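# Structural features, examined
Spelled out, the chains give:
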Amino acid sequence: MSSSAPVGFFDSGIGGVTVLKEAIRLLPNENYIFFSDSKNNPYGDKSDGEIIARSKEITRFLINEKHCKAIVIACNTASAKAAKSLRAEFSKIPIAAIEPAYKVVHDARPTGATLIMATKGTIKSEKFRRLYYSYYDHHTSIHSCPGLADLIENGSSDEVLDYLKKTLAPYKGKVQNVVLGCTHYPLAKKEIAAVLGNVDFFDGAPGIAKRLKYLLQKNDILNGGTAGNTEFIDSAEDEEIRKAKAARFYDILKR
């Protein structure tokens with residue numbers, strides 16, 4: 001596999017751009033392809049079988065059609081449900097899978113209570129439960145946010161804020177640390193802070209970027225060339241939707 005081959009990212013929508021930005025910061029010479037599966041967004045409410053099948057289809061496309069040298073699952077739900085199956089089927093390709101940054105909270109040991117925000121699919125997964133009970137500190141709450149990822153993807157800032165005011169009201173003033181357990185959620189930090197107050201955020205993007213670098217080095221496929229480029233692909237059937245997704249994706253990427 002050529003070291004100049006791209007790294008493939010995929011998510012149920014554009015939320016994974018928060019992960020890609022961290023990868024580009026750490027590995028600016030790599031070429032990237034980001035696959036946004038907005039046609040099937042959100043993943044959080046889908047069955048395990050549906051998520052695994054779709055994740056395999058996307059990974060197969062990125063490897064066979066786009067010749068990606070490594071894959072990053074930039075979706076917590078897909079990581080929790082499909083990472084094991086993907087690694088079994090595509091064993092010759094390095095695969096990095098994001099997870100909620102609860103261990104980071106444990107390692108940093110900040111003061112105060114912690115709130116983990118995640119999709120229903122992530123919270124119900126065996127992978128998440130193992131992570132949670134490995135680092136549980138008796139000061140942590142888990143909150144499922146059905147529909148939030150889709151609202152961040154397709155709604156307005158005001159709609160996101162209204163949703164959060166209703167669902168996060170019980171935690172206002174009671175938590176100091178917030179684990180953003182979905183790659184869409186960092187795009188709503190401003191709205192979350194407006195509801196919860198002065199909180200510290202933790203997400204898995206820095207960790208997965210470091211993991212990607214390790215995997216590329218380990219497999220001797222780290223690109224040593226000049227600054228790389230990024231290609232965006234969206235699965236929506238409507239061309240106007242694809243254009244709108246691409247415009248927002250590149251806008252966020254430049255911030």
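Residues numbered from 1 in each chain as written. Predicted model: local features only at pLDDT ≥ 70, side-chain atom pairs only at ≥ 80, totals over all residues. Heavy atoms only, no water.

## Notes on empty space enclosed by the protein
Basically, it comes down to this: In this analysis the probe radius is 1.4 Å and the grid spacing 1 Å, with only protein atoms considered; a cavity is a set of points the probe fits into but cannot get out of, a pocket is an open set with protein on both sides within 12 Å along at least five of seven lines, and lining residues have an atom within 4 Å of a point. Grid points are joined across faces, edges and corners, and a volume is the space filled by probe spheres set on the points. Helix and strand definitions here come from DSSP, where helices need a minimum of 4 consecutive H or I residues and strands a minimum of 2 consecutive E residues; each element is numbered from the N-terminal end. All residues other than Ala, Val, Leu, Ile, Met, Phe, Trp, Tyr, Cys, Pro, Asp, Glu, Lys and Arg, Gly among them, are scored as polar; the first ten of these are nonpolar and the last four charged.
With the rule as written, the count across this model stands at 3 cavities of 30 Å³ or more. Size it by volume and the largest cavity reaches roughly 130 Å³. Together, 20 residues line the largest cavity, and Pro-42, Tyr-43, Gly-44, Thr-119 and Ala-149 are the ones closest to its centre. A total of 3 residues in the lining of the largest cavity trace back to one element, the largest contributor, which is helix H7 (residues 148–154). Partitioned by chemical class, the residues of the lining of the largest cavity number 8 nonpolar, 8 polar and 4 charged. Taken as a whole, the second largest cavity holds about 50 Å³ of empty space. What lines the second largest cavity is Thr-18, Val-19, Asn-76, Ile-98, Glu-99, Leu-180, Cys-182, Thr-183, Pro-186, Asp-203, Gly-204 and Ala-205.

## Re the pattern of salt bridges
Basically, it comes down to this: Here a salt bridge means any side-chain nitrogen of Lys or Arg lying within 4 Å of a carboxyl oxygen belonging to Asp or Glu. Partly exposed residues are those whose accessible area sits between 20% and 50% of the maximum for their type, while under 20% is buried and over 50% is exposed, using a 1.4 Å probe and protein chains only.
What the rule picks out here adds up to 14 salt bridges. In this structure, the salt-bridge partner of Lys-69 is Glu-30, at a minimum N-O distance of 2.7 Å. Residue Lys-69 is found in the loop between helix H2 (48–64) and strand S3 (70–73), and its partner Glu-30 is found in the loop between helix H1 (17–26) and strand S2 (32–36); the two are separated by 39 residues along the sequence. Residue classification places Lys-69 among the buried residues on the basis of a relative accessible area of 1%.

## What to know about the environment of His-184
Note the cut-off: Contact between two residues is taken to exist if any of their heavy atoms lie within 4.5 Å; hydrogens are not considered. Any N or O atom pair separated by 3.5 Å or less is treated as a polar contact, with the protein-specific requirement of one donor-capable and one acceptor-capable atom, and with residues adjacent in sequence counted only for side-chain atom pairs.
For His-184, the location among the structural elements is in the loop between strand S7 (177–180) and helix H9 (189–196). As for His-184 and Ser-12, which are separated by 172 residues in sequence, their C-alpha atoms are 9.5 Å apart. Discounting residues that sit within four places of it in the chain, His-184 has contacts with Asp-11, Ser-12, Gly-13, Ile-14, Gly-15, Ala-149, Ile-152 and Glu-153. At 3.4 Å, the side chain of His-184 forms a polar contact with the backbone nitrogen of Gly-15.

## As for the sheet that holds S3
We count it as follows: The rule for pairing is simple: two strands pair if DSSP sees at least two bridges between them. In this description, a line fitted to the C-alpha atoms serves as the axis of each element, helices being fitted only across the stretch in contact, and the angle between N-to-C directions of two axes falls anywhere from 0 to 180 degrees.
Strand order in the open sheet formed by 5 strands is S4-S3-S1-S2-S9, and the pairing between neighbours is parallel. On the outer flanks of this sheet lie strand S4 (95–97) and strand S9 (230–234), each paired with one strand and no other. Averaged over neighbouring strand pairs, the angle between their axes works out to 15° when direction is ignored. Where S2 meets S9, 5 bridges bridge the pair, whose relative direction is parallel. Bridging across to S9, Tyr-32 finds its partner in Thr-230. Here helix H11 (residues 239–254) sits on the sheet in contact with S2 and S9, set at roughly 145° to S9.

## A short note on the packing of H1 against helix H10 (residues 205–218)
Helix-helix packing is described using two parameters, namely the angle between the two axes and the distance between the axes. Which entries qualify depends on this criterion: Should an angle fall under 35 degrees it is called roughly parallel, over 145 degrees roughly antiparallel, and 65 to 115 degrees roughly perpendicular, with every other angle called oblique. Note: crossing handedness is left-handed where the near helix turns anticlockwise from the far helix by less than a right angle, and right-handed where it turns clockwise.
Where H1 meets H10, the axes come as close as 8 Å, and the angle between the chain directions of the two elements is 50°. Our classification of the angle between H1 and H10 gives oblique. Here the hand of the crossing between H1 and H10 comes out right-handed. For the pair H1 and H10, the contacting residues are Thr-18, Val-19, Glu-22, Ala-23 and Leu-26 in the first and Ala-205, Pro-206, Ile-208, Ala-209, Lys-210, Leu-212 and Lys-213 in the second.

## Here we look at the side chain of Lys-69
Of note is the side chain of Lys-69, whose polar atom sits 2.7 Å from the side chain of Glu-30. Engagement of the side chain of Lys-69 in a polar contact is seen with the backbone oxygen of Ile-221, the distance being 2.5 Å.

## What about helix H8 (residues 157–167)?
In plain terms, the rule: This arc is taken over the directions from the axis of the helix to the C-beta atoms.
For H8, the complete set of buried residues consists of Val-160, Tyr-163, Leu-164 and Thr-167. One side of H8 holds all its buried residues, which, seen down the axis, span an arc of 95°. In H8, the exposed positions that point more than 90 degrees away from the buried face belong to Asp-158 and Lys-166. Elements in contact with the buried residues of H8: strand S5 (114–118), strand S6 (140–144), H7 and H9.

Such coordinate-based values are descriptive only and should not be taken to indicate function.
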